[in-house]
Amino acid sequence: MTRLAPMSTAEPESGPSAGTSSEDGRTGPQWWHARWVVPSALALGYVLNVLFRLSLVTRQDYPTVNPDEQMYLVMARIMAGLPTTEIPGNQVIPGGYSLLISPAMRITQDPVYAYHLILGINALISCLVLPAAYWALRRLNVSRPVSYVVAAAAVLLPPVVFYSQFAMADTALPVLVLLWLIGVHGLFSEGSRGRRIRFALLASFAAGYCLLTHDRGGVIIALTGLVLLVALVLNWVPRIAAALGLAVLAVMFVVKQLMTAWLMSRIDGAQPSEVGNAVFQTLENTRLMRRTFMRTVGHLWYFMTSTWGLGALALVVCVWVVFSSRFARADRVVGFLMVALLGGIALAAAAGLPADHRIDTIVYARYLSPLAAVYVVVAVAALYHVRGWKKIVAIGVAATAVTAALTAVLLRMAVNELHKSWFIPWGLPDATFLSSRWSEGWDSFHAGRTTAVALIVFAALVLLRLLGAGRRFALGAGAAGIALAVFAGAGTAVITDRVTEPWTEERYGDGTGLIKEAGIRPGDRLVMDRDLRWEGRTTLAYTVLDGRVWTRALIKDEQPPAEANVAVLALFDDNAPATASWPKAPAGWHVDRDVRQRDYVVWRRG
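Now for a quick tour of the structure. Computed from a predicted model, the values in this text were never measured in an experiment. (Residues numbered from 1 in each chain as written. Predicted model: local features only at pLDDT ≥ 70, side-chain atom pairs only at ≥ 80, totals over all residues. Heavy atoms only, no water.)

A short note on the overall build of the chain
Link 1 in the chain: A count of helices and strands for the chain gives 24 helices and seven strands.
Link 2 in the chain: For 606 residues, the compact-globule estimate of 2.2 N^0.38 gives 25 Å, and the C-alpha radius of gyration of the chain, at 26 Å, lies within 12% of that figure.
Link 3 in the chain: Taken along the three principal axes of its C-alpha coordinates, the chain extends 85 × 55 × 50 Å.
Link 4 in the chain: Within the chain, buried positions represent 59% of all 606 residues. (Helix = DSSP H or I, 4+ residues; strand = E, 2+ residues; numbered from the N terminus. Rg over C-alpha atoms; globule rule 2.2 N^0.38 Å. Buried < 20%, exposed > 50% of the residue type's maximum accessible area, 1.4 Å probe, protein only.)

Here it is, written out as structure tokens:
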């Protein structure tokens, strides 16, 4: 079995028993050797995880993450062949995820049923982390039982599950990142030319689809192109494999451009995403260098704590692999990509996010979340292979030092900003779980407490591994994997109960509640005033699924579109009559509903 770099140490004490596959009979019970066991176990685990994810979202009927979900949903609507409509923010973002969920809107035009189907598609996609993580662990030369346990933990990680509970591209990225790194390692490992070509195609397609899915894919495709070009020039891999990989990258880039152009041609007033421009403009602005560095540290800190120190351990191991000539080239390439991707995304996110006075902008959870699964996989695999309690303790101390150092730098640089910024539990789900501070407000965020709890969990996992420091290393790693899976599952359930569900319930008035209260009917063509509550306007862009919407400055005498038959305007004075919401309403329009408890009025034509 080919090894994935960080685990294939050449130390004498990592002899044949460390890293031999279970086919050799050195690790794992004998019944794991039967051909049907692993496929059956993976299939069962996949189904159970899908059911678990579905059980977490039974109360979610509408999008609540504004405007991200609505942007993906509007693009999916267009791809499903439904009539065009307005897109929140007037920006077209990468549409690869929208393409995956668009079949839901071909099945039904009921917004609630369609959203349920989309969350079902999310569960099917997200749970692919289980077989992908298992494949990665087997390539890391971890025994079958331990690989399965750790893969089961990876698929339950809160950063993997949480974003799949919404119509967001982050659902697909964890499995794409895993497949990308597996492909790269297979390309640079020994094997037949045909086999390495297949791995090259896998790596390039996964990298390309990351670009097609989110702007973070730009970092992945750039790193992949760099590695393939170097390999082609230095003849590190079969040239045909490198050339085909580069060709696939080019094709995927062109597909992304064509998809964006196609969507823009069908959405009135839409513009391409400006995220990339914002990143480069910020990086070129020397006055923002301190802010960018502070945020980069904050994002890295959040990643290390949200992976309970295992991310820091994997980082330490990867850096060691990159600079050690004792590892194979494939190992060192993958180690480099993991470190570069972590730093690249953290830097790009730090530069690209706006100044919105929110704590989660400083220590953002979302952008590095697709790396959580692969970093946890590498960390546990490292614990599996390292022999001797002194070395286990050494890498544990190093990981703790990295996490503690990030915490200290963050608190030193961001103390003023943290005390002036708003804490929103949705933006920092893992921190709220670790610190058990669930209320909104800046004083609910406590970086020191979050770090302490994360490191306690990390110490417990390392201690379990130490129980098998000798010949029973597989037992120790397996015990750590089981504990990790239990804690991950519990964390996911608690975050759903304390963050996801309250977040959804609070926004009922902007979701299906607005549709019902406003009396929106099938086929209505709705124009919204710009002064209407922003969350309501973005949500209506999706929930009016079988009609369409526009936004106009109606209160400032801008005329409604000729096709519109319903208008919704804000009512700012509770004592004013409903007609005051639109003093200069065009002829033919009349008040249909006065929803005073929500501060808006519904008008109809005719």
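Focus: the environment of R216
Link 1 in the chain: Within the secondary structure layout, R216 lies in the loop between α10 (193-213) and α11 (217-234).
Link 2 in the chain: The sequence separation of R216 and A346 amounts to 130 residues, and the corresponding C-alpha distance is 9.8 Å.
Link 3 in the chain: At 2.6 Å, the side chain of R216 forms a polar contact with the side chain of D170. (Polar contact = N/O pair within 3.5 Å; in protein donor to acceptor, adjacent residues only side chain to side chain.)

Quick look at helix α24 (residues 534-543)
Link 1 in the chain: Burial within α24 is extensive, with eight of its ten residues counted as buried.
Link 2 in the chain: All buried positions along α24 are accounted for by G536, R537, T538, T539, L540, A541, Y542 and T543.
Link 3 in the chain: Tucked inside the fold, the buried residues of α24 contact α2 (68-79), α4 (103-107), α5 (111-126), α23 (512-518), β3 (525-529) and β4 (548-552). (Contact = heavy atoms within 4.5 Å.)

Details of the environment of H214
Link 1 in the chain: For H214, the location among the structural elements is in the loop between α10 and α11.
Link 2 in the chain: Taking C-alpha positions, H214 is 6.6 Å from A169, a pair spaced 45 residues apart along the chain.
Link 3 in the chain: Once residues lying within four places of it in the same chain are set aside, the contact partners of H214 are Y72, P94, L173, R366 and Y367.

Let's talk about the nonpolar core
Generally speaking, a soluble globular protein has its nonpolar side chains buried in company with each other.
Link 1 in the chain: By size, the foremost hydrophobic cluster in this structure holds 193 residues, and its most contacted members are W180, W426 and F445.
Link 2 in the chain: By residue number, the principal contributor to this core is helix α18 (residues 372-385), which donates 13 residues.
Link 3 in the chain: Other than its neighbours up to four places away in sequence, W180 contacts A203, A206, A207, I220, T224, L337 and L341.
Link 4 in the chain: In this structure, V527, L569, A578 and W603 belong to the second largest nonpolar core, which totals twelve residues. (Core = buried A, V, L, I, M, F, W, Y, C linked by side-chain atoms within 4.5 Å.)

Focus on the pattern of salt bridges
Link 1 in the chain: Per the stated rule, a full pass over the model turns up 15 salt bridges.
Link 2 in the chain: When the shortest N-O distance is used, the salt bridge between R507 and E506 registers 3.2 Å.
Link 3 in the chain: Owing to a relative accessible area of 16%, R507 belongs among the buried residues under this scheme.
Link 4 in the chain: One salt-bridge network, in which partners are shared between bridges, spans D68, D170, R216 and R366. (Salt bridge = Lys/Arg side-chain N within 4 Å of Asp/Glu carboxyl O.)

Some points on the packing of aromatic side chains
Link 1 in the chain: Scanning all chains against the criterion turns up 21 aromatic pairs.
Link 2 in the chain: A ring pair is formed by F205 and Y209, whose centres lie 5.9 Å apart and whose planes are at 40°; its orientation type is tilted. With F205 and Y209 both in helix α10 and four residues apart, this pair spans about one turn of that helix.
Link 3 in the chain: Ring geometry for W301 against F445: centres 5.9 Å apart, planes inclined by 80°, an arrangement best described as edge-to-face. Within this pair, whereas W301 is found in helix α14 (residues 289-306), its partner F445 is found in the loop between α20 (429-435) and α21 (447-466), the two being separated by 144 residues in sequence. The exposure classification of W301 matches that of F445, with both residues buried.
Link 4 in the chain: Pairwise contacts between aromatic rings join F162, Y163, F166, W426 and W503 into one cluster.
Link 5 in the chain: Positioned over the ring face of W503 is R507, at 3.4 Å from the centre of the ring. (Phe/Tyr/Trp six-rings, centres within 6.5 Å; stacked < 30°, edge-to-face > 60°. Lys NZ or Arg CZ within 6 Å of the ring centre and 35° of its normal.)

Looking at unusual backbone geometry
Link 1 in the chain: Here the amide bond leading from N66 into P67 is cis, since omega sits at -5°, within 30 degrees of zero.
Link 2 in the chain: Note on placement: P67 falls in the loop between α1 (37-56) and α2.
Link 3 in the chain: Look at N141: it is not a glycine, yet its phi comes out positive at around 65°.
Link 4 in the chain: Along the chain, N141 turns up in the loop between α6 (129-139) and α7 (144-156).
Link 5 in the chain: In the Ramachandran plot, D557 falls in the positive-phi region, its phi being about 75° despite a non-glycine side chain.
Link 6 in the chain: With respect to the secondary-structure elements, D557 resides in the loop between β4 and β5 (566-570).

Structural notes on the packing of helix α15 (residues 310-322) against α18
Link 1 in the chain: Orientation of α15 relative to α18, taken along the N-to-C sense of each, is 70°, at an axis distance of 8 Å. It follows that α15 is roughly perpendicular to α18 by the angle criterion. Contact residues: L310, G311, L313, A314, L315, V317 and C318 in α15; Y375, V376, V378, A379, V380, A382 and L383 in α18.
Link 2 in the chain: For the contact of α15 with α18, the residue count by class is 13 nonpolar, one polar and no charged. (Axes fitted to C-alpha atoms, helices over the stretch in contact; angles between N-to-C directions. Parallel < 35°, antiparallel > 145°, perpendicular 65-115°, else oblique. Nonpolar A, V, L, I, M, F, W, Y, C, P; charged D, E, K, R; others polar.)

Quick look at α14
Link 1 in the chain: With 18 residues, α14 ought to run about 26 Å at 1.5 Å a step, and its terminal C-alpha atoms sit 26 Å apart, in line with that.
Link 2 in the chain: The element α14 is largely enclosed, with a buried count of 14 among its 18 residues.
Link 3 in the chain: Looking at the residues trailing α14, positive phi occurs at W308, about 55°. (Expected span 1.5 Å × (residues − 1).)

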